Every structure is written in C-alpha cells, then in structure tokens.
Amino acid sequence: MLTSSARKRALVIGAGPMGLETALRAHTRGFEVTVLEAGRVGEHIRQWGHIRLFSPLGMNVSAHAKKILGESLPPLDAIQTGAEYVATVLEPLAQSEVLKDRIIVDRKVVALARAGLGKMGLPNHPLRTERSFRVLAEDHAGSEHVYQADLVFDASGVFAHGNWSGSAGMPALGERKLDQRIIRHPIDVESEAARFAGKKILLLGHGHSAANTIVALARVQQRAPQTQIIWAVRSDRTKPVSEVADDPLHERAAVVDAANALALHPPENLRVLRRATLEELQTVEGSNIIKATLKVWKTSEAIEVDEIISLTGYRPNLDMLRETTVEFSSVTEGTRGLHKALSNITDCLAKIEVNPNDLQSGEPNLFIVGVKSYGRNSGFLLQSGNDQLDAIFAALM
Ligand SMILES: Cc1cc2nc3c(=O)[nH]c(=O)nc-3n(C[C@H](O)[C@H](O)[C@H](O)COP(=O)(O)OP(=O)(O)OC[C@H]3O[C@@H](n4cnc5c(N)ncnc54)[C@H](O)[C@@H]3O)c2cc1C
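Since we're looking at a predicted model, the values are computed, not measured.

Draft legend 1. Up close: the nonpolar core. Judged by nonpolar contacts, the single largest core of 75 residues is most densely connected at Val-89, Phe-153, Ile-214, Trp-231 and Ile-309. No other element matches the eight residues that helix α8 (residues 208-223) contributes to this core. When residues of this core are assigned to domains, at least three fall in each of domain 1 (9-160 + 314-396) and domain 2 (167-310). In this structure, Phe-153 is in contact with Ala-10, Leu-11, Val-12, Ile-13, Thr-22, Phe-367, Val-369, Ile-392, Phe-393 and Leu-396, ignoring residues within four places of it in sequence. Listed in part, the 18 residues of the second largest apolar core include Leu-178, Ile-230, Ala-276 and Val-296.

Shown next, in the form of structure tokens:
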C-alpha cells in the first residue's frame, strides 16, 4: 500500500515535463507543492532543443496539462523540436496560475534523507514513515538551501550523466582525465558549424541521440566537404541503428533510416567503424588534438581527432538518494519494481500494466518518476510517464 499523507508538503525535483506534470497532479490533490530545478524549466530538453521529438505533441502532454494550455497548444499531431516543446508547453505550464509561484530555479538537489534518519535508521519501521524529508539543495553560487517535505518526487532525469565510452561501460584509459574535452550530449553541430566544419570528429554510439547527430554532421560535411567524420559503433550490423518494424513514430523511423543509409553508403570523408570499442584517449602534446585508440574487431586503430562526441546512453545520478532506502534494479538502475514490470517489454509504445506496488521506490512517500524511473532503459516515453503518474496519484488517494 502507498502511504497517504495527512500532511501536505510535496517536493518535486526537476522542472522537466514529468516534474511539471507531477506538480500539477500534486496541486490538484491538495498538496502544497514546491518544485526545485537545477537549471531552467525544461533544462535537459533545451540542451537538445534543435532535435525533433519523435512522438507527436498529443503523446507528450497529459489531459490535465492540455486543459490548462487550452487553445494556445499547437495541433496535437505536431512533431515539435525540443525548443518548440519547451516554448509552447513547458514554459506556459510553468507560468500558469497553478505553478507560477511554486517553481524555484537554480536549485540543484544534492542530497535528501528522512529527518534525523540515514539509510539504516529504523528500517521497515512505521516510525520511519512518520519522519518528513530533509532536502539539501545548492544554487550556482554554491549557497546551500534546506527544504522540508512530506512527499518527494524525484523527476531529475538521466540526461546530465552520459555513460562512459569504453568497453563494458567502463571509462576508456585516459577518458576521465579528458572528460571536459568530450561532448556527451547531442550538440547542435549545425549551429556550431564554426567549431565542427573542416574538423576531424569522432562520434561514438548508435542510439537515437547518435543517429540524430550523425545525420546533422553529414549536413555539416556537405557544406564543408573537408570535414572528416569517424562514426564508431559497437554493433556489427550493416545498419547499426536499431529499427522498429513498421514504426508508427514516423519521425523516429526517418532519423533511423537516414542514419543507417549513411552507414550503408558513407559519403567521402565519413568512415564507419563497426565492432569498435574505445580503448584509450591521449592528448597530442603541444596541440588540441586527441589521439583515440580503438579496437575495431580484432585490430587496433589510432586516430587523431579535433572533437569527440560520445553518445553511448545515459544513466541516473543515484548519489542524492544515497541515504534513502530506494531499491534500484541492479540491471537498469531504475526502480526495482518498475524494472521487473518492464523486463518483458520491447515496444516502448506498448501499454504497460503497472501494479501500483511496482511504483513504490522502497522508501515510503518517495517516488522516482519520469525517465529516471527507467534508469538506463532507453524505452521511456512521456506518455508512459503520465500513465505512471496517474497510477501513483490514484493510489495516494
Ligand atoms: C534526443 C532525445 C529525444 C527524445 N525524444 C523523445 C520523444 O520524442 N518522446 C518522448 O516521450 N521522449 C523522448 N525523449 C526522452 C526524454 O528525455 C524524456 O521523455 C523527457 O525528457 C523526460 O522527462 P523528465 O521530466 O523525466 O526528465 P528531464 O526532461 O530530463 O528533466 C529533468 C529535469 O530535472 C532537472 N534536474 C536534474 N538534476 C537535478 C537536481 N539534482 N536538482 C534539481 N533539478 C535537477 C534537470 O535540469 C531537468 O530540468 C528523448 C530524449 C532525447 C535525449
């Protein structure tokens, strides 16, 4: 059973789409809501604002949010860029009467725990549930702020933490030292053409972010043909980006097809290295060049490049939850119950029947929601996130 709270302070971590949707529901149920956001509203999506969402707008907004946004909402079949979604959905929601005084930006949550109890305090004891949460946050200047709450919803996403680039998810040799030189988000290479045109670029990864990036890099190369691109993928498939058969999400299918077409018939100055793993990164003395050594099938290849874009997936930051009793899946690092519920699901569009108990985190009245609840599983869709929230709030009544 989820524990209903007589007290009513709900704290939401993150003002991405799921944090805002959580706050709307919590407000409707009579909780006193505060949203703490590390950056700006929709911060993570702003960072890939040039990329189009593959799900149409109607799938990305709950019925509740649609009602608040009313006629200002673009057509529900719109395939928006991340920036358009922030401008037409997230910002207006954040400025709506319901939420406008409840969001505190520039507040990064660093840690939280039940007041006076660490991870091992009163385990499974009803008294643990009685304790409120104490949440420590910081702003960009390093000033610290403390908040109290009876319920906490962690909607802080995964996007800020790219996976390491080496074999088996480990850092490649030298990668930690050169961390600042590696771009770990799908950067807008076309807007930053001055940085990329005419350069030699190593792109790692073959997921959706990498697919978008290789297609954009190919466009940069069309305009600046001397640009050299090496696309290194772990897959041995001729079409490295996974296809979804008869994909009803046409935008996703189009990006996958375009990326795979480049892999099948690479233009001049685009090399595709299959079965490639990054082994080592080194600086080339007296220059900004990085020497990357890759194992490509059975041979070793050293390449000197100007830029490295590593898009090998994202992982959740679990540090802030360390003093809680949240149970994570040892496979995905999403919540344990949800991982079990999702483990046989391969189609992210499938309607997922989740038992409310699967949404328990293991720490009463603390919920991991949104894409973070899936951990490293990349199958999250906003539509499923909204279903998840409906189930959580229904059980809270
Ligand atoms: C390129 C790309 C395309 C995608 N396209 C789609 C799509 O078409 N459809 C779809 O359904 N999904 C898509 N996704 C998945 C998408 O990431 C999620 O659907 C959506 O962003 C999840 O929302 P969220 O609120 O859970 O997390 P996020 O959007 O990641 O929001 C998390 C928020 O928490 C904040 N935050 C992080 N840490 C802290 C902290 N410590 N303290 C306070 N605040 C914090 C962040 O700044 C951010 O604002 C895409 C992802 C990528 C990378």
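Draft legend 2. The arrangement of the site of the ligand in detail. Around the ligand there are 31 residues in total, and Glu-37, His-44, Phe-54, Ser-55 and Leu-382 lie nearest to it. A distance of 2.6 Å is found between an oxygen atom of the ligand and a backbone nitrogen or oxygen belonging to Phe-54. For the ligand, the protein covers 93% of the area, taking 980 Å² as the surface of the free molecule. Listed by contribution, the elements that provide at least two residues to the shell around the ligand are α1 (17-28), α2 (43-47), β4 (108-114) and α8. Counted by class, the shell around the ligand contains 17 nonpolar, ten polar and four charged residues.

Draft legend 3. Here's a closer look at the domain arrangement of the protein. Once the domains are mapped, the protein shows domain 1 (9-160 + 314-396) and domain 2 (167-310). If you average the C-alpha positions of domain 1 and of domain 2, the two centres end up 31 Å apart. Contacts between the two partners involve 16 residues from domain 1, matched on the other side by 13 residues from domain 2. Where domain 1 abuts domain 2, roughly 1,200 Å² becomes buried across the two surfaces, and 67% of that area is made up of carbon and sulfur atoms. A per-residue breakdown of the area domain 1 buries against domain 2 is headed by His-50, Ile-51 and Phe-54, which together make up 45% of the total. The interface formed by domain 1 and domain 2 includes zero salt bridges. Along the contact surface separating domain 1 from domain 2 lie three residue pairs in polar contact (both at pLDDT 80 or more). Grouping the amino acids of the side of domain 1 that touches domain 2 by side-chain chemistry returns eleven nonpolar, three polar and two charged.

Each value, and the rule that gives it
- Residues numbered from 1 in each chain as written.
- Predicted model: local features only at pLDDT ≥ 70, side-chain atom pairs only at ≥ 80, totals over all residues.
- Heavy atoms only, no water.
- Core = buried A, V, L, I, M, F, W, Y, C linked by side-chain atoms within 4.5 Å.
- Buried < 20%, exposed > 50% of the residue type's maximum accessible area, 1.4 Å probe, protein only.
- Helix = DSSP H or I, 4+ residues; strand = E, 2+ residues; numbered from the N terminus.
- Domains from an automatic or database assignment.
- Contact = heavy atoms within 4.5 Å.
- Near = heavy atom within 4 Å.
- Polar contact = N/O pair within 3.5 Å; in protein donor to acceptor, adjacent residues only side chain to side chain.
- Areas by Shrake-Rupley, 256 points an atom, 1.4 Å probe, with all protein chains shown as cover.
- Nonpolar A, V, L, I, M, F, W, Y, C, P; charged D, E, K, R; others polar.
- Buried area = accessible area lost by both parts, 1.4 Å probe.
- Salt bridge = Lys/Arg side-chain N within 4 Å of Asp/Glu carboxyl O.

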